Amino acid sequence: MSHPTQPQYGAPHPAEPAPAAPQNGLGTAGLVLGILGVIFAIIPLLFWLGGILALLGLILGAVGMGRAKRGAATNKGVAISGTILGLIGLILSIVFGVMTAMAVDKVVDDVNKELSKTAPAPTDAGKGSPAAGDAGGTDGTDGTDGAAVPELLAAEEAIVYDDDLQISLSAAKSFEPSEYNVGHTKGNKAYKVTLLIENGSKEKFNADTVVLEARAGEAGVTAEQIFDEGLDGVTGSVAPGKKATGVFAFSVPADAKTLTVEVTPGLDYEAQQWELKF
């Protein structure tokens, strides 16, 4: 007696695999931001941007690490790298920020020192007066202690700069230009002045940088400088503790009664004017 057989079906299908955890997008973003943060942190004046990017990279990297730990995402190593780079970038941005602030402060201090060095110091009025700061008296009533430099100095008065460079100008004297002169206008009068440089500083002074300009009379007409024999000017360098003199001449309208001479010792020094009367 035969037994009924069960119908044969196809082989059973294997179970479908569980879906893989999604990639860790936050970790990747943290890595990218961490790298950018490190790069910008070491660029001068962009350290602040590097700090922001590094902080975002640190946050996103930490969140990515948490997701990977819970199994909600993969590539945990990327998230860890982003966190580390974000932390490094944040530290670098702080370090370079402090260094930049210190560098800016140093530059500002150097500029202030240079300006203070080349600003004119107060001087005494009158021929042969001592340099500012060396005069006697402490009550300030003699017009020397703490006095402001006058806009116009008289002949033989000196101006002393903060680096102890002293400039003075003699009275104007008549000068007879030769026929080979350059700069003198026919019908004008010619006057010469002597410039005295006393280098009280600790460094050589380049006298080639000295420039003289002049205006004559109440109208302030430009008085052209005369180039002629006997007008040697002042050139070369003046050693510390040494003096140098130079003679300059100007062509002045015949009716002018005064000659205003402006002396600029150099680019780093303020100009000063002398009013010379005939």
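Up top is the structure these notes are about.
The structure reproduced in this document is the subject of the present report. (Residues numbered from 1 in each chain as written. Predicted model: local features only at pLDDT ≥ 70, side-chain atom pairs only at ≥ 80, totals over all residues. Heavy atoms only, no water.)

A word on the environment of K186
Put simply, the rule is: Strands here mean DSSP runs of E at least two residues long; helices mean DSSP runs of H or I at least four residues long; both are numbered from the N terminus. When a residue's accessible area, from a 1.4 Å probe over protein chains only, is under 20% of the maximum for its type it is buried; when over 50% it is exposed; and in between it is partly exposed.
Along the chain, the position of K186 falls in the loop between β5 (173-174) and β6 (189-199). For K186, a relative accessible area of 83% translates into the label exposed. Remark: the alpha-carbon pair of K186 and S251, spanning 65 residues in sequence, is separated by 9.0 Å.

Digging into the pairing of strand β12 (residues 243-252)
In plain terms, the rule: Whether two strands pair comes down to DSSP finding at least two bridges between them.
When you tally the buried positions in β12, you get 7 out of 10 residues, the bulk of the element. In terms of strand pairing, β6 meets β12 through 10 bridges, oriented antiparallel. Across the sheet, the residue bridging to L196 is T245, located in β12. The sheet contact formed by strand β10 (residues 224-226) and β12 spans 3 bridges and is antiparallel. When the bridges of β12 are listed, Q225 appears paired with F250.

Details of the nonpolar core
The nonpolar side chains of soluble globular proteins are, as a tendency, buried together. For clarity, the cut-off: Remark: nonpolar core denotes a set of buried residues (Ala, Val, Leu, Ile, Met, Phe, Trp, Tyr, Cys) joined through side-chain atoms within 4.5 Å. The contact criterion used throughout is that any non-hydrogen atoms of two residues lie within 4.5 Å.
Counting residues in each nonpolar core, the largest one holds 31 residues, and the members touching the most others are I167, L195, I197, F250 and V261. Among the elements of the structure, β3 (158-161), β4 (165-169), β6, β8 (211-216), β12, β13 (258-264) and β14 (272-277) are those that each provide at least two residues to this core. The residues touching I197, leaving out its near neighbours within four places in the chain, are L165, Q166, I167, F205, A207, V210, V234, K242, K243 and A244. Counting 5 residues, the second-largest nonpolar core is a separate cluster that includes F175, A190, I226 and A249.

Quick notes on the side chain of T258
Within the secondary structure, T258 sits in strand β13. On the basis of relative accessibility, which here comes to 17%, the residue T258 falls in the buried class. Other than its neighbours up to four places away in sequence, T258 contacts R215, A216, G217, E275, L276, K277 and F278.

Considering unusual backbone geometry
Positive phi outside glycine occurs at L45, with the angle close to 70°. By the element assignment, L45 lies in the loop between α1 (25-41) and α2 (47-69). Unusually for a residue other than glycine, D164 sits at a positive phi of about 70°.

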